[in-house]
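Residue-level structural notes
What follows is each chain in one-letter form.
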Amino acid sequence: MSKSLWKKIQAFIGVATDGIPGPITARAIADRLGIGTPQLPAKPETLEFDPRSEKSLATLVPNAQRKAREWLRKCREAGINVKIICGTRSYEEQAALHAKGRTKPGKKVTKARPGYSWHNFGVAWDFVVFDKNGQPLWDSPLMDRCGRIGEDLGLEWGGNWKGLVDKPHLQLAMGITLAEARERVKDGRTVA
Ligand SMILES: [Zn+2]
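Please read all numbers here as calculations on a predicted model, not as lab measurements.

1. A few points about helix H6 (residues 141-152)
Counted at 1.5 Å a residue, the expected span for H6 with its 12 residues is 16 Å, and the 17 Å between its end C-alpha atoms agrees. Within H6, burial applies to Met143, Asp144, Cys146, Gly147, Ile149 and Gly150. In this structure, the buried residues of H6 make contact with helix H4 (62-77), strand E1 (82-86), strand E2 (124-129), strand E3 (156-157) and strand E4 (169-171). Residue glycine 154 follows H6 closely and has a positive phi angle near 85°.

2. Considerations on the pattern of salt bridges
Within this structure, the stated rule accounts for seven salt bridges. For lysine 167, the salt bridge goes to aspartate 144, with nearest N and O atoms at 3.1 Å. A residue pair is termed long-range when its members are at least 10 positions apart, and lysine 167 in the loop between E3 and E4 and aspartate 144 in helix H6 qualify at 23 residues. Exposure remark for lysine 167: the relative accessible area of 31% places this residue in the partly exposed category. If you follow the salt bridges from partner to partner, you end up with Glu48, Glu54, Arg69 and Arg73 in one network.

3. Some points on the sheet that holds E4
Each strand in a sheet pairs with another by means of backbone hydrogen bonds, the pair being arranged parallel or else antiparallel. Here we have four strands laid out as an open sheet, ordered E1-E2-E4-E3, and antiparallel in their pairing. Each edge of the sheet is formed by a strand with only one pairing partner; in this case those strands are E1 and E3. Looking at chain direction, E1 and E2 are connected through four bridges and run antiparallel. Pairing of valine 82 across the sheet is with valine 129, part of E2. Running at roughly 150° to E1, H4 makes contact with E1, E2 and E4 of the sheet. Strand contacts of H6: E1, E2, E3 and E4, with the helix running at about 145° to E2, the strand carrying the most contacts.

4. Regarding the side chain of asparagine 120
Tracing the backbone shows asparagine 120 in the loop between helix H5 (91-99) and E2. According to the relative accessible area criterion, asparagine 120 is buried, its value standing at 4%. A distance of 3.1 Å separates a polar atom in the side chain of asparagine 120 from the backbone oxygen of arginine 89. Those residues in contact with asparagine 120 that sit more than four places away from it in its chain are Ile24, Arg89, Ser90, Tyr91, Gln94, Arg113, Pro114 and Gly115.

5. A word on the domain arrangement of the chain
Examined at the domain level, the chain breaks down into domain 1 (1-37) and domain 2 (45-186). With 10 residues of domain 1 at the contact, the number on the domain 2 side is eight residues. Buried area between domain 1 and domain 2, summed over both chains or domains, comes out near 810 Å², and the portion from carbon and sulfur atoms is 59%. The three residues of domain 1 that bury the most area against domain 2 are Asp18, Ile24 and Arg27, which together make up 48% of that side's buried surface. Summed over the shared surface of domain 1 and domain 2, the result is zero salt bridges. Taken together, the connections running from domain 1 to domain 2 amount to zero residue pairs in polar contact (both at pLDDT 80 or more). Among the elements that line the side of domain 1 that touches domain 2, the one with the most residues is helix H2 (residues 23-33), at five residues. For the side of domain 1 that touches domain 2, a count of residues per class yields five nonpolar, one polar and four charged.

Basis of the calculations
Residues numbered from 1 in each chain as written. Predicted model: local features only at pLDDT ≥ 70, side-chain atom pairs only at ≥ 80, totals over all residues. Heavy atoms only, no water. Helix = DSSP H or I, 4+ residues; strand = E, 2+ residues; numbered from the N terminus. Expected span 1.5 Å × (residues − 1). Buried < 20%, exposed > 50% of the residue type's maximum accessible area, 1.4 Å probe, protein only. Contact = heavy atoms within 4.5 Å. Salt bridge = Lys/Arg side-chain N within 4 Å of Asp/Glu carboxyl O. Pairing = 2+ DSSP bridges. Axes fitted to C-alpha atoms, helices over the stretch in contact; angles between N-to-C directions. Polar contact = N/O pair within 3.5 Å; in protein donor to acceptor, adjacent residues only side chain to side chain. Domains from an automatic or database assignment. Buried area = accessible area lost by both parts, 1.4 Å probe. Nonpolar A, V, L, I, M, F, W, Y, C, P; charged D, E, K, R; others polar.

And the structure:
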């Protein structure tokens, strides 16, 4: 298929129009076709964790999913009721989020344009601790404890970031920049 046709397709589905059909383009096409959302196993009782965490876990690349499961297991063993509430966001989903408070109504929720968040590469997830009544405890010291459990496993925790601290955020320690990650995706290479 010609590069110009791919560019038209990419423009239509709202991803970067480089004319190269890489994994981001494939994911966006799958989303459009309604086949991009990972399916949960048929039997909920076979899930290791709660459905919400499992749904987010399913969006991560295998490396990240393995680490995230290990981390969640350790937190649960420590008696912490923590859930993963967010995993991967496609470029399209990131664009929609970025538009909030800019071209769309509402408050700004992110600075990151598509390709400028590690959530766009399947290697990052967000978590929150819940109390007995199911209320999220964003400021609980247990959030820090979960972050440190992640660091002990070699993960990068947003609670230690200089500048914008992001306590609910964990990700694989990448050793590359977001710019490099974007280039890899463009070239159809894997990021992690
Ligand atoms: Zn995050």
